Amino acid sequence: MKENTPSIPIGNVLRADIRSFVIASRIPEPEVPTFGTFVRAPIQQGKAQLIGLVYDIRLQDDPFLRDLAATVVEGDSNYEEVIRDQREVRAVPVEISVVAIAYGDETGYHYGLPPQPPMILHRIHVCTPAEVHAITARPDFLRPLLENREVPADELITRALLRAAPLHGGSGTADAQDYLLAAGRYLARRLGREPLRLETILQQLQG
Amino acid sequence: MPVVKGRKTPNSSDREPFAVKLSWAIMWRMLHLERLKSAIEALSQQTQATSQQAAIELRQALHWLKTAPSATTLRENLPQETRPGQEIAIPPLDLPLESALQPENAPPRGTVIIGVDGSQIPPDRHALALYYVLQTGALIFRYNGQAPTPLQQAELHFLEHELYDEEGLLITGQLGMRRAIAEMTLATSLAEQVHAEGAPTPIMTLTDGPLLWPYSGRSNEERQSLLPTYFAAFDRLREVGGMPVGFTERPGGKALLELLWQSRLDENGQPRHEGERHPEAVDDELLMAHFLAPGERSVWLKRLSPMNEKHHEPAGHPIWFCYLNLGERDLPIIARIEAPQWAAKREEWSATLHAVLVHQAAILHGNPYILARAHELALVTHQDKAALESLLHRRLLEHGIITRTSEKARQKGFF
């Protein structure tokens, strides 16, 4: 599937280093990206795009919300409009953490750490399916995750592969299975000295 | 410049130990609580004395309330003259004054209430340029299970006639009046919009503070522009089934107590019962806190104030008020609720308003939810102001104008 779906803006960079960055967002609940979502951020004055995976989502509270939390009861019609207001309109601040896996420029995608982190307040977008297809064409996008001990890498690898596989032949097709098999072989080579870790990832991929 | 014992003055050397510099930083910025200690003690003692006196007066006032004459008698026996600054209330309807009215169970399905609030950046001679900003925020809350609708409006005013009054002085107090007009104008346009959607009446608009115009009404701007606009908004609200409502928490005032005191006087203006004195330490709020159970409201009252009599009444919008307890058992929160006579005297509208306010306040421990949200939407934060100044600075530079804040303003930013 290589359709050119418009990408969705999700927020602005709040803080960043070369391996990861955090986005501040106030988007309503249905649009909050999920764990393992591919996102991109402009770097090098927009000449390149950093590609990353969402690995943490934190819903921030504030004094107003704290006050309400002690009162409202979900499912009680007395609070129906208030809960919807908080979830859909007021949109609590969300911090979305992203780990860098690649960057793309006019010559294509390069796996590994980017030349610089995204600058503060740059707008971040969710990658389109076509972009995810291109980024995940080779399993090398997993390498930065395997080397990163500061994120839940194994869960993230599983989620990214399961998200990418249907784009390489359709959900449940032989091509998608072949894609996962190739990724499994890549992981086996990389995790030769960590058999338990490999087993866990492969089990999650099968499950 | 103060001197640290045995040391140089803090700005005379950059080689002083860090601890000394830190202590200077603390000394410079802290409030000198030690010097205020005796004043704090005096304040506490005075509060205690007032509180003791209030407790005595309160028992008396509660008795007066529970044994008050009929509303008709109270209206007939008003004093011919009142002391300067003294405001007295009358019960405009015939309900007994000692009535404490219960709310309906829940707001009727489909009811709409619009909360509106405003904030401002006042004109500042030390800023980059002379201007002021008014921002209004509103939340349309429909009792239909859907998410409410938020709205914000902002105005930047910079023309000379907007910034200076008739005497050539930079406006200060006028900003509050203009803000009140902006709030009422927004409330009216939103009520019109909701009316066009077919919402049931009353379409309530709730603003934070009194509905009775809280200024003197004597300035030219008020007489020629602001008050006519204010009353035109009331006219329009009335046409579209709107019900403007003012909400004041911790209202202060003694208009009801003055009425009760009046009921204790004979035809010569002397107390009929020995030992009774004019209440000084107790006010309406304290009386109501001990009279109204949670959720209950008083009967409607009307203040016989110059503003009500000389401005609101001729415009067709005299203001009535009642007290409402939005707190919990043993934690009363008394608010003064104001509405124009034409809306308040409609029993079904009053009942809907009562139910909605009790519901709204229960969400946020006594403060109506829509007002809290409207305030949030209207608020101009320090960050907002900084962003505005930054944008303004850039635009001025693009026009070849180099400007900056005053040195005083720049240095104030250090603290």
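Just so it is clear, the structure is predicted and the values come from calculations on it, not from any experiment.

Procedures and definitions
- Residues numbered from 1 in each chain as written.
- Chains lettered and ligands numbered in written order.
- Predicted model: local features only at pLDDT ≥ 70, side-chain atom pairs only at ≥ 80, totals over all residues.
- Helix = DSSP H or I, 4+ residues; strand = E, 2+ residues; numbered from the N terminus.
- Buried ≥ 20, exposed ≤ 12 C-beta atoms within 10 Å, placed from the backbone.
- Contact = placed C-beta atoms within 7 Å.
- Nonpolar A, V, L, I, M, F, W, Y, C, P; charged D, E, K, R; others polar.
- Bend = angle between axes of the 7 residues up to and from the residue.
- Domains from an automatic or database assignment.
- Pairing = 2+ DSSP bridges.
- Axes fitted to C-alpha atoms, helices over the stretch in contact; angles between N-to-C directions.
- Parallel < 35°, antiparallel > 145°, perpendicular 65-115°, else oblique.
- Arc of directions from axis to C-beta.
- pLDDT = per-residue confidence, 0-100.
- Core = buried A, V, L, I, M, F, W, Y, C linked by C-beta atoms within 7 Å.

Explain the overall build of chain B here, please?
Along chain B, the regular secondary structure elements total 14 helices and 9 strands. Taken along its principal axes, the extent of the C-alpha atoms in chain B is 80 × 60 × 45 Å. Counting over 415 residues, chain B shows a buried share of 34%.

Quick question: what am I supposed to make of the overall build of chain A here?
Summing up its helical and strand segments, chain A has 7 helices and 7 strands in all. Its C-alpha atoms give chain A principal-axis dimensions of about 55 × 40 × 35 Å. Taking all 207 residues of chain A together, 32% fall into the buried category. The contacts in chain A between residues at least 6 apart in sequence include a share of 70% that link residues at least 24 apart.

Whenever I open this one, the interface of chain B and chain A confuses me. Can you help?
Interface size is often expressed as the accessible area that is lost when the parts come together. With 14 residues of chain B at the interface, the matching set in chain A holds 14 residues. Going through the elements one at a time, helix 11 (347–363) and helix 12 (369–378) of chain B are the ones with two or more residues in the side of chain B that touches chain A. Across the side of chain B that touches chain A, the residue classes tally to 9 nonpolar, 4 polar and 1 charged.

Would you mind going over helix 2 (residues 33–66) of chain B with me for this structure?
All names here are of chain B. Of all bends in helix 2, the biggest is about 30°, found at Ala-39. Those residues of helix 2 that fall on the buried side of the exposure criterion are Glu-57, Ala-61, Trp-64 and Leu-65. Close packing links the buried residues of helix 2 with helix 7 (255–263) and helix 8 (284–289).

Teacher, can you tell me more about the domain arrangement of chain B here?
Residues and elements named next belong to chain B. Per the domain assignment, the segments making up chain B are domain 1 (51–378) and domain 2 (382–412). The interface is formed by 5 residues belonging to domain 1 together with 10 residues belonging to domain 2. Class assignment for the residues of the side of domain 1 that touches domain 2 results in 4 nonpolar, 1 polar and no charged.

Whenever I open this one, the sheet that holds strand 9 (residues 334–340) of chain B confuses me. Can you help?
Think of a sheet as strands paired side by side through backbone hydrogen bonds, with each pair either parallel or antiparallel. Pairing within the open sheet is mixed, and its 9 strands lie in the order 1-7-8-9-6-5-2-3-4 (chain B). At either end of the open sheet lies a strand with only one pairing partner, and these are strand 1 (89–90) and strand 4 (149–157) of chain B.

Looking at this structure, I do not really get the pairing of strand 1 (residues 9–16) of chain A. What am I missing?
Two faces make up the sheet, and in a regular strand the side chains alternate between them. One ladder, built from 3 bridges, connects strand 1 of chain A with strand 7 (residues 123–126) of chain A; its direction is antiparallel. In the sheet register, A:Pro9 faces strand 7 of chain A, and the bridge partner there is A:His125.

Honestly, the packing of helix 2 of chain B against helix 7 of chain B in this entry has me stumped. Any pointers?
Angle between the axes and distance between the axes: these two values describe a pair of packed helices. Residues and elements named next belong to chain B. Relative orientation of the contacting elements helix 2 and helix 7 amounts to 75°, with a least axis distance of 10 Å. Classified by the interaxial angle, the pair formed by helix 2 and helix 7 is roughly perpendicular. The segment helix 2 lies against helix 7, with Ala-61, Trp-64 and Leu-65 engaging Leu-257, Leu-260 and Ser-263. Across the contact of helix 2 with helix 7, the residue classes tally to 5 nonpolar, 1 polar and no charged.

Help me understand helix 9 (residues 306–315) of chain B in this model?
Residues spaced three or four apart along an α-helix face the same direction, because each turn holds 3.6 residues. Residues and elements named next belong to chain B. Among all positions in helix 9, only Asn-308, His-311 and His-312 are buried. Each buried residue of helix 9 lies within a common arc of 120° when the element is viewed along its axis, so the set occupies one face. Projecting away from the buried face of helix 9 at angles above 90 degrees are the exposed residues Pro-306, Lys-310 and Pro-314. Positive backbone phi, at 90°, marks Gly-316, one or two positions downstream of helix 9.

Teacher, can you tell me more about the confidence of the model for chain B here?
Any segment with low pLDDT has predicted coordinates that should not be analysed in fine detail. Of all residues in chain B, 92% attain a pLDDT of 70 or more, and the chain-wide mean is 89. Both scores are available for the predicted complex, with the pTM at 0.78 and the ipTM at 0.78.

Please explain the nonpolar core as it appears in this structure.
Generally speaking, a soluble globular protein has its nonpolar side chains buried in company with each other. Counting 87 residues, the largest nonpolar core has B:Ile114, B:Ala138, B:Met204, B:Val245, B:Leu287, B:Leu301 and B:Ile337 as its most contacted members. When residues in this core are grouped by element, the largest group, 9 residues, is from helix 5 (residues 173–196) of chain B. Non-local contacts of B:Ile114, meaning those with residues more than four positions away in its chain, are made with B:Ala138, B:Ile140, B:Ala187, B:Leu190, B:Ala191, B:Val194, B:Met204, B:Thr205 and B:Leu206. In terms of nonpolar packing, the next biggest core, distinct from the first, is built from 43 residues, A:Leu53, A:Ile96, A:Leu142 and A:Ile201 among them.

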